[in-house]
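Fold and contact review
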Amino acid sequence: MKKLIGVMFAICIVSVFASGQKRKQLEGTWKIAEIVVTGDKGGKLSNPQPGLLLVGQKYYSFMYIPSDQERSPYVGDVATDKEKIDAFDTFFANAGTYELAGTTLTTTPVVAKNPGFEGGGFARFQIRLEGNSLWLTSKTGDFSFRKNGRVTPAAGPPSETTIKLVRLE
């Protein structure tokens, strides 16, 4: 029995150490290099517009343009309603806290472009780290939003998104 307890204790220590190592590998500044989406609106962006994931010890910030097309700047000093809608629809942004458990990264936004993602929303990603590359994979139901006072999984046709990032620092 003592031997079994000792083995289990050793496994726990190794798991905690491995989790800490993976967390340290995740910390840094990452640039989006590729986005692959499956499903009805699937496709591959081999040369996506700018995007950054910043990961600290507890907090993250994730902003990107989910397109390979440059965003249109406003024509005048004051944006039209259409320009505002186009700008909103072509930008993804949120920042908050994160937890890493094995290969599952859960982000919980404190602030987000989508107000329903704040205040209880969250996203889960399966991660893969190899050298200076990081892959984040999520499915439609891996995102939850606050709607009508409840947090519910994202609706929509089934899809899977894999975002490849490369370390900047």
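**Overview of a nonpolar patch on the surface**
- A surface patch of nonpolar side chains, about 250 Å² in accessible area, is lined by Leu 52, Leu 54 and Leu 168.
- Relative to the elements of secondary structure, Leu 52 occurs in strand S3 (residues 51–55).

**Thoughts on unusual backbone geometry**
- Although it is not a glycine, Asn 148 adopts a positive phi angle of roughly 50°.
- Tracing the backbone shows Asn 148 in the loop between strand S9 (143–147) and strand S10 (150–153).

**Describing the confidence of the model for the protein chain**
- In this model, the protein chain carries an average pLDDT of 89, and 88% of its residues clear a pLDDT of 70 or more.
- Segment residues 4–18 is flagged for pLDDT under 50; beyond a separation of four residues in sequence, or across chains, it makes zero contacts in the model.

**As for the side chain of Ser 144**
- Tracing the sequence through the fold places Ser 144 in strand S9.
- On the basis of relative accessible area, Ser 144 is assigned to the buried category, the value being 5%.
- Apart from residues lying up to four places away in sequence, Ser 144 is in contact with Phe 117, Gly 121, Phe 122, Val 151, Thr 152, Pro 153 and Ala 154.

About the cut-offs
- Residues numbered from 1 in each chain as written.
- Predicted model: local features only at pLDDT ≥ 70, side-chain atom pairs only at ≥ 80, totals over all residues.
- Heavy atoms only, no water.
- Patch = residues over 30% accessible without salt bridge, like charges linked within 9 Å, V, L, I, M, F, W, Y side chains within 5 Å.
- Areas by Shrake-Rupley, 256 points an atom, 1.4 Å probe, with all protein chains shown as cover.
- Salt bridge = Lys/Arg side-chain N within 4 Å of Asp/Glu carboxyl O.
- Helix = DSSP H or I, 4+ residues; strand = E, 2+ residues; numbered from the N terminus.
- pLDDT = per-residue confidence, 0-100.
- Contact = heavy atoms within 4.5 Å.
- Buried < 20%, exposed > 50% of the residue type's maximum accessible area, 1.4 Å probe, protein only.

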